[in-house]
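Report on the structure
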Amino acid sequence: MASNRLPPDAGARPAPGMILERLARGATRAARITHTEHLPPRIGSHAAWPERIRPEVIDAIRSTGIDRPWTHQARTSEHALRGESVVVATGTASGKSLAYLAPVLSTLLDGSEAPNGRGATALYLAPTKALAADQRRAVRELAAPLGTAIRPAVYDGDTPVEEREWVRQYANYVLTNPDMLHRGILPSHPRWSSFLRALRYVVIDECHTYRGVFGSHVAQVVRRLRRICARYGSEPVFLLASATAAEPARAAARLIGLPVAEITEDTSPRGELVFALWEPPLTELHGERGAPVRRTATAESADLLTDLAVQGVRTVAFVRSRRGAELIALIAQERLAEVDRSLPGRVAAYRGGYLPEERRALERALHSGDLLGLAATTALELGVDVSGLDAVVMAGYPGTRASLWQQAGRAGRSGQGALAVLVARDDPLDTYLVHHPEALFDQPVESTVLDPDNPYVLAPHLCAAAAELPLTEADFPLFGPASAGLMPQLETTGLLRRRARAWHWTRRERAADLTDIRGQGGSPVQVVEAGTGRLLGTVDAAAAHTTVHDGAVHLHQGRTYVVQHLDLEDDVALVEEASPPYSTTARDTTAISILETDTAIPWGDARLCFGSVEVTNQVVSFLRRKLITGEVLGETKLDLPPRTLRTRAVWWTVTEDQLDAARVGPQQLGGALHAAEHASIGMLPLFATCDRWDIGGVSVPLHPDTLLPTVFVYDGHPGGAGFAERAFHTAADWLTATRDAIASCECEAGCPSCIQSPKCGNGNDPLHKRGAIRLLAELLRGVPGAAGCPEGAPAAPDA
């Protein structure tokens, strides 16, 4: 829980501008900074607590050193006490936790004095177990002066069986995650009846993380919760907390299915933030097709972490992968040892997979200054309060502006000035951003994209709901307009049976097991250590072909394994521990057919379309790449069966006349389309809250369904995830940014910074950079209101 106080040593921090100046010393270093943004300090604005907050709660808050709330905290509490669902979407360390805890604790305290029954209860949902555990500790500390009136407890997969009955019967503030709500609490709701009957508040923390397919599943889990609560006579108020987000009330309402008020003005103070964009230099190495290769963001970030530690600057370096976190820490430790043998022990890695006590120890060491540097995955991004940091280094754009500001906000959390450095990876989006700072600093954060009406998401939740309580037509408005149309299909397949006016679940197996809300369907593949038979973990069925194929390098809790064999019949991947000096990347081929066109818009002679497609994908090989440089060491063929996916896509077509106008002849056409497809996939995360690995694409010089040159970009999830739809609605800006990204790259014929893709099934061949620029420019001339593969060759895919 963020503090409203400044630390005693806040004034002694090194100025962020001075820290950056030291990092940039030397001609080669200075040239790597493409832009510096200065965000001035902000003065906080206080308010009084609402009158309905119990004085005991206010006294407990004051005992932590917080005399008055920030204005946004007080406004959030007022909505909650009036029984209005509300989302508070303010910056990192703005005290969102206190904004919802004050009314929740006050209401629980009221309930503890009820003459009969257990009194009021509250439910807290977090996207991760670690965040729920952190919040329990914060609640215990804050509520300690209130005695036994507040009884917080974590209820998740790690909760011992002997504790679970106590939680159900006596806890009045239960902290859990959507997975446990889906699989554990809702299917067993009769055992939770007294808790649910008294449920007054549901807190949904870090709600911006519920996006795409995962967010769509969570939206339906919340609707099931609301239905069960109504059965017991309760109608809880929803309190949502989010990083700064575009249209937070709209996204929150989509998530919970109810109107939501929004609080977006951040009235907490903020120290100066200096934000630098940093582009690693080109190396002498060459990648595919002889393309130039930049120094990796991992190696560059390790250097920066080393230099910052030598300066005594407390720093977190964020990196996407667990292995990357370990690698940055290891490189920094080795280089620090050359400077001072006392320094390597003051840098460590922090990631998921560590034991809770290990994570807590690292957080305490960083806060106290015993640790100067931490290389962390996003396990440290959400909610964990680590104040006292001076700098944040991001090894690559984290995927969304919301995550960017969330990570940058880890430094300066107690009000002091801070430095943030974004180190670009060698890909189109990162390269574009470090050369177009306005895309980061002059644009609002993204809208959260989710689609609860996706039939692949909705159907299993209708079955789960019917198993909890028989479904009736009166339930259809709650679950959405698509629910009524799915019922005949669920009856035909024998999943539901209609009796009188209700649908019932009649099977022996648990309906909640029909879907994994974080997965994509199908039986998960078990990852088993070949020598011992020990189960290491599981991989989603949809990801198995690309992540645990024969020869794949698999990471698990800091250890590296190589897959010896993937058994598709038994859903088992046998692995052996090893330390290969390379990583692996799967390659695949893709074909696509149009099932239905929902919308088509003319762009001059071109057409922009959105609809349903069927994608046939087959993993055919994998590449081995050096860990530090990314240099390709070799390619190995694979023999895996094809897989089909019905999903949603955006696509555009061009005519022969437009090709002539763009000076793109038959020999350049395949390469121009292919290059435009790659770059557009790389740029879409700037406009939709997705990762490039959430989406796929296909480019075809003559597609059999359109009979024209066509480029498709599709959602990589059954039924769609909302990303392609977002691309359709922002297509003019999205494709303009794509053209600019290609044109501004300094390479001659295409490289990983513009048109080469790390997951291209055709080995990045053919590609035609200049043809892609001319083709996109011609396409964009037709935007309303706006002032190669040879013909017959296979499509150029990216799954």
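Brief notes about the packing of helix H18 (residues 455-468) against helix H20 (residues 483-492)
Relative orientation of the contacting elements H18 and H20 amounts to 70°, with a least axis distance of 10 Å. In terms of their interaxial angle, H18 and H20 are classed as roughly perpendicular. For the crossing formed where H18 meets H20, the hand is right-handed. Of the residues in H20, those in contact with Pro455, Leu458, Ala459, Leu462 and Cys463 of H18 are Ser483, Leu486, Met487 and Leu490. Across the contact of H18 with H20, the residue classes tally to eight nonpolar, one polar and no charged.

Considering empty space enclosed by the protein
The space that makes up the second largest cavity amounts to roughly 70 Å³. Residue lining of the second largest cavity: Cys207, His208, Tyr210, Ser242, Ala245, Pro248, Ala251, Ala252, Leu255, Thr448 and Leu450, and that is the complete set. Tallying contributions element by element places helix H11 (residues 248-256) first for the lining of the second largest cavity, with four residues. Each residue belonging to the lining of the second largest cavity can be placed in one class, and the counts come to eight nonpolar, three polar and no charged.

As for helix H5 (residues 96-112)
For H5, which comprises 17 residues, the first-to-last C-alpha distance of 25 Å matches the rise-based estimate of 24 Å (1.5 Å per residue) to within 8%. Most of H5 sits inside the fold, with 15 of its 17 residues counted as buried.

Things to note about the packing of aromatic side chains
Applying the stated criterion to the full structure yields 12 aromatic pairs. Ring geometry for Tyr155 against Trp192: centres 4.8 Å apart, planes inclined by 85°, an arrangement best described as edge-to-face. Here Tyr155, found in the loop between strand E4 (152-154) and helix H7 (161-170), pairs with Trp192, found in the loop between helix H8 (178-185) and helix H9 (193-197); they are 37 residues apart in sequence, far enough to count as distant. Both residues of the pair, Tyr155 and Trp192, belong to the buried class.

Some remarks on the confidence of the model for the chain
In the predicted model, the chain carries a mean pLDDT of 88, and 91% of its residues have values of at least 70. Contacts from residues 1-11, a stretch scored under 50 in pLDDT, to residues over four places away or in other chains number 24 contacts. Confidence drops under pLDDT 50 across residues 788-799; counting only partners more than four residues distant or on other chains, this segment forms 56 contacts.

Structural notes on the sheet that holds strand E9 (residues 273-278)
With mixed pairing, seven strands are arranged side by side in an open sheet as E1-E9-E16-E15-E12-E14-E13. In the strand order of this sheet, the two ends are held by strand E1 (33-39) and strand E13 (347-350), each with one partner. Averaged over all neighbouring strand pairs, the angle between strand axes comes to 15°, with direction disregarded. Note that strand E12 (residues 315-318) and strand E15 (residues 391-395) share four bridges and pair parallel. Directly across from Thr315, in E15, lies its bridge partner Ala391. Of the strands in this sheet, E13, strand E14 (373-376) and E15 are in contact with helix H13 (residues 322-339), which crosses E13 at around 175°. Along the sheet face, helix H15 (residues 401-408) touches E1, E9, E12, E15 and strand E16 (418-423) and points at about 145° away from the line of E15.

What about unusual backbone geometry?
Within the chain, Asp571 stands out as a residue other than glycine whose phi angle is a positive 55°. Among the secondary structure elements, Asp571 is positioned in the loop between strand E22 (559-567) and strand E23 (572-577). Even without being a glycine, Leu707 presents a positive backbone phi close to 60°. Mapped onto the elements of the fold, Leu707 is located in the loop between strand E28 (695-700) and strand E29 (710-715).

Considering the environment of Leu469
For Leu469, the location among the structural elements is in the loop between H18 and helix H19 (476-479). Given the relative accessible area of 18%, Leu469 is considered buried. Spatially, the C-alpha atoms of Leu469 and Ile19 are 60 Å apart, while their sequence positions differ by 450 residues. Leave out the neighbours within four places in its chain, and Leu469 touches His189, Arg227, Ile228 and Arg231.

Some details on the side chain of His182
Within the fold, His182 resides in helix H8. Judged by relative accessible area, which is 1%, His182 ranks as buried. Side chain to side chain, His182 and Arg224 meet in a polar contact 2.9 Å long. In this structure, His182 is in contact with Pro187, Val221, Arg224, His461, Ala512, Thr515 and Ile517, ignoring residues within four places of it in sequence.

Brief notes about the sheet that holds strand E7 (residues 237-242)
With parallel pairing, the seven strands of this open sheet are ordered in space as E4-E5-E3-E6-E7-E2-E8. Here the strands that pair on one side only, and so sit at the sheet edges, are E4 and strand E8 (261-263). Sheet twist, expressed as the mean angle between neighbouring strand axes with direction ignored, is 15°. Examined bridge by bridge, E4 and strand E5 (residues 173-176) share three bridges and lie parallel to one another.

Some points on the pairing of E12
Within a regular strand, side chains alternate between the sheet's two faces. Here E12 shows a buried face lined by Thr315 and Ala317 and a second buried face lined by Val316 and Phe318. Direction of pairing for E12 relative to E14: parallel, over a ladder of four bridges. Along E14, the bridge assignment pairs Phe318 with Ala376.

A closer look at helix H6 (residues 129-143)
Taking 1.5 Å of rise per residue, the 15 residues of H6 would be expected to cover 21 Å, and the 21 Å separating its terminal C-alpha atoms lies within 8% of that figure. Burial in H6 covers these residues: Ala130, Leu131, Ala132, Asp134, Gln135, Ala138, Val139, Leu142 and Ala143. The N-cap residue of H6 is Thr128: its side-chain oxygen and the backbone nitrogen of Leu131 are 3.2 Å apart.

Description of the nonpolar core
Core analysis: the largest hydrophobic core is formed by 84 residues, its most contacted members being Phe275, Met394, Trp603, Trp652, Leu684, Leu686 and Trp734. When neighbours within four sequence positions are excluded, Met394 is seen to be in contact with Phe275, Ser301, Phe318, Leu404, Gln407, Ala408, Ala420, Val421, Leu422 and Val423. Judged by nonpolar contacts, the second largest core, of 40 residues, contains Leu105, Leu131, Val154 and Leu175.

Remarks on the pattern of salt bridges
All told, the structure shown has 34 salt bridges when counted by the stated rule. Note that Glu165 and Arg168 form a salt bridge whose closest N and O atoms lie 2.7 Å from each other. Taken together, the residues span about one helical turn, with Glu165 and Arg168 both in helix H7 at a distance of three residues. The partly exposed category is assigned to Glu165, whose relative accessible area is 31%.

Examining a negative patch on the surface
A surface patch of negative charge is lined by Asp605, Glu656, Asp657 and Asp660. Tracing the sequence through the fold places Glu656 in helix H22 (residues 656-661). Its relative accessible area of 52% is what places Glu656 among the exposed residues.

Cut-off values and rules
Residues numbered from 1 in each chain as written. Predicted model: local features only at pLDDT ≥ 70, side-chain atom pairs only at ≥ 80, totals over all residues. Heavy atoms only, no water. Axes fitted to C-alpha atoms, helices over the stretch in contact; angles between N-to-C directions. Helix = DSSP H or I, 4+ residues; strand = E, 2+ residues; numbered from the N terminus. Parallel < 35°, antiparallel > 145°, perpendicular 65-115°, else oblique. Left-handed = near helix turned anticlockwise from the far one by under 90°. Contact = heavy atoms within 4.5 Å. Nonpolar A, V, L, I, M, F, W, Y, C, P; charged D, E, K, R; others polar. 1 Å grid on protein atoms, 1.4 Å probe; cavity = no way out; pocket = protein on both sides within 12 Å on 5 of 7 lines; lining within 4 Å. Points joined across faces, edges and corners; volume = space filled by probe spheres on them. Expected span 1.5 Å × (residues − 1). Buried < 20%, exposed > 50% of the residue type's maximum accessible area, 1.4 Å probe, protein only. Phe/Tyr/Trp six-rings, centres within 6.5 Å; stacked < 30°, edge-to-face > 60°. pLDDT = per-residue confidence, 0-100. Pairing = 2+ DSSP bridges. Polar contact = N/O pair within 3.5 Å; in protein donor to acceptor, adjacent residues only side chain to side chain. Core = buried A, V, L, I, M, F, W, Y, C linked by side-chain atoms within 4.5 Å. Salt bridge = Lys/Arg side-chain N within 4 Å of Asp/Glu carboxyl O. Patch = residues over 30% accessible without salt bridge, like charges linked within 9 Å, V, L, I, M, F, W, Y side chains within 5 Å. Areas by Shrake-Rupley, 256 points an atom, 1.4 Å probe, with all protein chains shown as cover. Lys, Arg positive; Asp, Glu negative; His and termini not counted. Charge placed at Lys NZ, Arg CZ, Asp CG, Glu CD.

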